[in-house]
Amino acid sequence: EPCLVSEPLAEPGTGGTYGGGEVCSDLDGRVLGKGSWARAFRQASGARLEALRLLCRSSIVTPRELSDDLTVISQEHINECVQIASEMLQTWTLDMWAQQPEEAKKFFEARLTALYQRKFGEVKG
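Cut-offs applied
Residues numbered from 1 in each chain as written. Predicted model: local features only at pLDDT ≥ 70, side-chain atom pairs only at ≥ 80, totals over all residues. Heavy atoms only, no water. Phe/Tyr/Trp six-rings, centres within 6.5 Å; stacked < 30°, edge-to-face > 60°. Core = buried A, V, L, I, M, F, W, Y, C linked by side-chain atoms within 4.5 Å. Buried < 20%, exposed > 50% of the residue type's maximum accessible area, 1.4 Å probe, protein only. Helix = DSSP H or I, 4+ residues; strand = E, 2+ residues; numbered from the N terminus. Expected span 1.5 Å × (residues − 1). Contact = heavy atoms within 4.5 Å.

Caption draft 1: Region of interest: the packing of aromatic side chains. All told, the structure shown has three aromatic pairs when counted by the stated rule. Relative to Trp97, the ring of Trp92 has its centre 4.5 Å away and its plane inclined at 40°; by these criteria the two rings are tilted. Here the aromatic cluster, defined as three or more aromatic residues joined through ring pairs, consists of Trp92, Trp97 and Phe107.

See the structure below:
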């Protein structure tokens, strides 16, 4: 189990956004809250987990998005991000991307833009 519970989770409705969580050892100690990204990370394994680790370690998914209990992201968007991260891992290793987070973000954003242009068509204005 990669994530260790560091403190008891706050009871529902009693605390703010950071009212507990798990410190995740394979995410450089980032905290997992109860939001969509944290849930996706907890449920992942294998290649999907590796792709999510890339998104988190290169700060494409920010520490706040991971720890915030109120982060709500559609499953479709999470899947798209995981798909792009999987493509990235075919180019470079996780550690190589993590050492160059700005490059990782540029690559990711270009891929995401291309995906949305294909999905929704070019918006002409």
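From this point, the discussion proceeds with the structure in view.
Caption draft 2: Just the nonpolar core, in detail. If you look at the biggest cluster of nonpolar residues, it comprises 29 residues, and the most contacted ones within it are Trp37, Phe41, Leu52, Leu55, Met88 and Phe108. Elements supplying a minimum of two residues to this core: helix 1 (36–43), helix 2 (46–57), helix 4 (75–91), helix 5 (94–99) and helix 6 (101–120).

Caption draft 3: Expanded view of helix 2. Taking 1.5 Å per residue as the helical rise, helix 2 with its twelve residues ought to reach 16 Å, and the 16 Å between its terminal C-alpha atoms agrees with that figure. Listed in full, the buried residues belonging to helix 2 are Leu49, Ala51, Leu52, Arg53, Leu54, Leu55, Cys56 and Arg57. Buried residues belonging to helix 2 abut strand 3 (30–32), helix 1, helix 3 (63–67), helix 4, helix 5 and helix 6. Taken from the residues just after helix 2, Ser59 is the one with a positive phi, measuring 60°.

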